[in-house]
Amino acid sequence: MAKRDNIFKASNSNDLPFSFNEEVTEVFEDMIDRSVPGYKSSLKLIENLGKNYYQNNSSCYDLGCSLGASTLSLLKAVEEKDGQIYAVDNSKAMISNCNSKFKNLTDSNKLDFINQDLEDVEIKDASVVVINFVLQFIDSSKREGLLERVFCGMKKNGLLILSEKTHFDNKYRNQALFNLHHSFKFKNGYTKMEISRKRDALEGVLITDLEKDHRQRLIKIGFREIRKVMSNLNFFTLIAQK
Ligand SMILES: C[S@@+](CC[C@H](N)C(=O)[O-])C[C@H]1O[C@@H](n2cnc3c(N)ncnc32)[C@H](O)[C@@H]1O
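We now turn to the structure provided with this report.

**Some remarks on the nonpolar core**
Logical step 1: Counting residues in each nonpolar core, the largest one holds 26 residues, and the members touching the most others are Leu63, Val129, Ile131, Val150, Leu160, Leu218 and Phe223.
Logical step 2: Of all the elements in the fold, those that place two or more residues in this core are strand E1 (58-63), strand E4 (126-132), helix H6 (143-152), strand E5 (154-165), helix H9 (211-221) and strand E7 (235-241).
Logical step 3: Those residues in contact with valine 150 that sit more than four places away from it in its chain are Leu63, Ile123, Val129, Ile131, Leu160 and Phe223.
Logical step 4: Counting residues in hydrophobic clusters, the runner-up holds 22 residues, among them Cys65, Ile85, Phe113 and Val130.

**Observations concerning the packing of aromatic side chains**
Any two aromatic rings considered together are summarised by their centre-to-centre distance and by the angle between their planes.
Logical step 1: The full count for this structure, using the stated rule, is eight aromatic pairs.
Logical step 2: Summarising the aromatic geometry, the rings of phenylalanine 20 and phenylalanine 28 are spaced 6.0 Å apart at their centres and angled 70° between planes, so their arrangement reads as edge-to-face.
Logical step 3: For the pair phenylalanine 102 and phenylalanine 113, a centre-to-centre distance of 5.3 Å together with 40° between the ring planes defines the contact as tilted. Residue phenylalanine 102 is found in the loop between helix H4 (92-101) and helix H5 (103-107), and its partner phenylalanine 113 is found in strand E3 (residues 111-115); the two are separated by 11 residues along the sequence.

**Here we look at the environment of leucine 238**
Logical step 1: With respect to the helices, strands and loops of the structure, leucine 238 is situated in strand E7.
Logical step 2: Sequence-wise, leucine 238 and glutamate 225 are 13 residues apart; in three dimensions their C-alpha atoms are separated by 10.0 Å.
Logical step 3: Residues in contact with leucine 238, not counting those within four places in the same chain, are Leu160, Ile161, Leu162, Glu211, His214, Arg215, Leu218, Ile226, Arg227 and Lys228.

**What about the site of the ligand?**
Logical step 1: Around the ligand sit 21 residues, and of these Tyr39, Gly64, Ser66, Asp89 and Leu118 come closest.
Logical step 2: Interatomic distance of 2.7 Å between a side-chain N/O atom of serine 66 and an oxygen atom of the ligand.
Logical step 3: Between the ligand and aspartate 117 there is a distance of 3.3 Å, counted from a nitrogen atom to a side-chain nitrogen or oxygen.
Logical step 4: Computed on the free molecule, the ligand has an accessible area of 610 Å², of which 94% lies beneath the protein chains in the complex.
Logical step 5: Only helix H1 (22-35) and helix H3 (69-78) provide two or more residues apiece to the shell around the ligand.
Logical step 6: Of the residues contributing to the shell around the ligand, the split by class is 12 nonpolar, seven polar and two charged.

**Considering the packing of H1 against helix H7 (residues 171-187)**
Logical step 1: Remark: H1 packs on H7, axes separated minimally by 8 Å, with the N-to-C direction vectors making an angle of 135°. As judged from the angle between their axes, H1 and H7 are oblique. Contacts between H1 and H7 involve Asp33, Arg34 and Ser35 from the first element and His181, Phe184 and Lys185 from the second.
Logical step 2: Its residues assigned to classes, the contact of H1 with H7 shows one nonpolar, two polar and three charged.

**Some details on the pattern of salt bridges**
Logical step 1: If you walk through the whole model with that rule in mind, you get 13 salt bridges.
Logical step 2: For lysine 44, the salt bridge goes to glutamate 47, with nearest N and O atoms at 3.4 Å. Placement of the pair is lysine 44 and glutamate 47 together in helix H2 (residues 39-53), with a separation of three residues, close to one helical turn.
Logical step 3: Across the pair aspartate 209 and arginine 143 runs a salt bridge whose closest N-O atoms are separated by 3.0 Å. Highlighted residues: aspartate 209 in the loop between helix H8 (192-202) and H9 and arginine 143 in helix H6, separated in sequence by 66 residues. This pair shows no difference in class: aspartate 209 is buried, exactly as arginine 143 is.
Logical step 4: The network of salt bridges with common partners includes Lys44, Glu47 and Lys51.

**Comments concerning H2**
Logical step 1: With 15 residues, H2 extends 21 Å between its outermost C-alpha atoms, agreeing within 8% with the 21 Å of an ideal straight helix rising 1.5 Å per residue.
Logical step 2: Taken together, the buried positions of H2 are Tyr39, Ser42, Leu43, Leu45, Ile46, Glu47, Leu49 and Gly50.
Logical step 3: The inward-facing, buried residues of H2 abut H1, H3, E4, E5, strand E6 (224-232) and E7.

What counts as what
- Residues numbered from 1 in each chain as written.
- Predicted model: local features only at pLDDT ≥ 70, side-chain atom pairs only at ≥ 80, totals over all residues.
- Heavy atoms only, no water.
- Core = buried A, V, L, I, M, F, W, Y, C linked by side-chain atoms within 4.5 Å.
- Buried < 20%, exposed > 50% of the residue type's maximum accessible area, 1.4 Å probe, protein only.
- Helix = DSSP H or I, 4+ residues; strand = E, 2+ residues; numbered from the N terminus.
- Contact = heavy atoms within 4.5 Å.
- Phe/Tyr/Trp six-rings, centres within 6.5 Å; stacked < 30°, edge-to-face > 60°.
- Near = heavy atom within 4 Å.
- Polar contact = N/O pair within 3.5 Å; in protein donor to acceptor, adjacent residues only side chain to side chain.
- Areas by Shrake-Rupley, 256 points an atom, 1.4 Å probe, with all protein chains shown as cover.
- Nonpolar A, V, L, I, M, F, W, Y, C, P; charged D, E, K, R; others polar.
- Axes fitted to C-alpha atoms, helices over the stretch in contact; angles between N-to-C directions.
- Parallel < 35°, antiparallel > 145°, perpendicular 65-115°, else oblique.
- Salt bridge = Lys/Arg side-chain N within 4 Å of Asp/Glu carboxyl O.
- Expected span 1.5 Å × (residues − 1).

Okay, here's the thing in structure tokens:
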């Protein structure tokens, strides 16, 4: 069973700013499930879309893989077919956890966990690329460059699956969705104090874009068939094809 996330229960200013360190790695499974509405559905979606869009003898990338939950969805999608899955994260703690958890599969050479910054990752022959709640943590000025490299490394008709937290340009809608997300976390057992401390820790670390900005950026890069396939409160999943 996943270890309970109590990180922000104790007042500890050393927790600022938020990072994907060992402490977060230990409780991450519980943290993301209780904080991101629709997270489990996003994993199922990756598996189903992966099944439809995976091209034989190609590669799949899980960029910002954390504990490999979305990587596992890609593995289920690819099954016994030939190909390679690369899961990348710049958190040492996350990648070392993945390497022990998925040891049997990494030994079989079908799956590689790479401890690298996405700025340096090389993408080649990709038919499916997953960026599940990660772009929001990348420096805003580097997001377009990363997506351009993803696009260049994809095969024709390849699929990008991009899940993100968002905000809205209408301030009433923004506040309403913010309140609903707060209630979601409260109902999942976080106290008001924990929610507020985590929000402070994430200030300047998690920076959301408007949905229209995501779409415009993808179009500018050359992606087509951009569609929203899931939306839960202030979180959504877009897919885009090369
Ligand atoms: C919210 S988690 C992603 C969750 C994961 N994709 C899933 O579906 O379970 C964000 C992850 O992105 C990673 N990350 C953030 N910035 C990164 C960067 N510049 N390079 C590589 N990984 C990064 C973090 O270490 C963290 O593990």
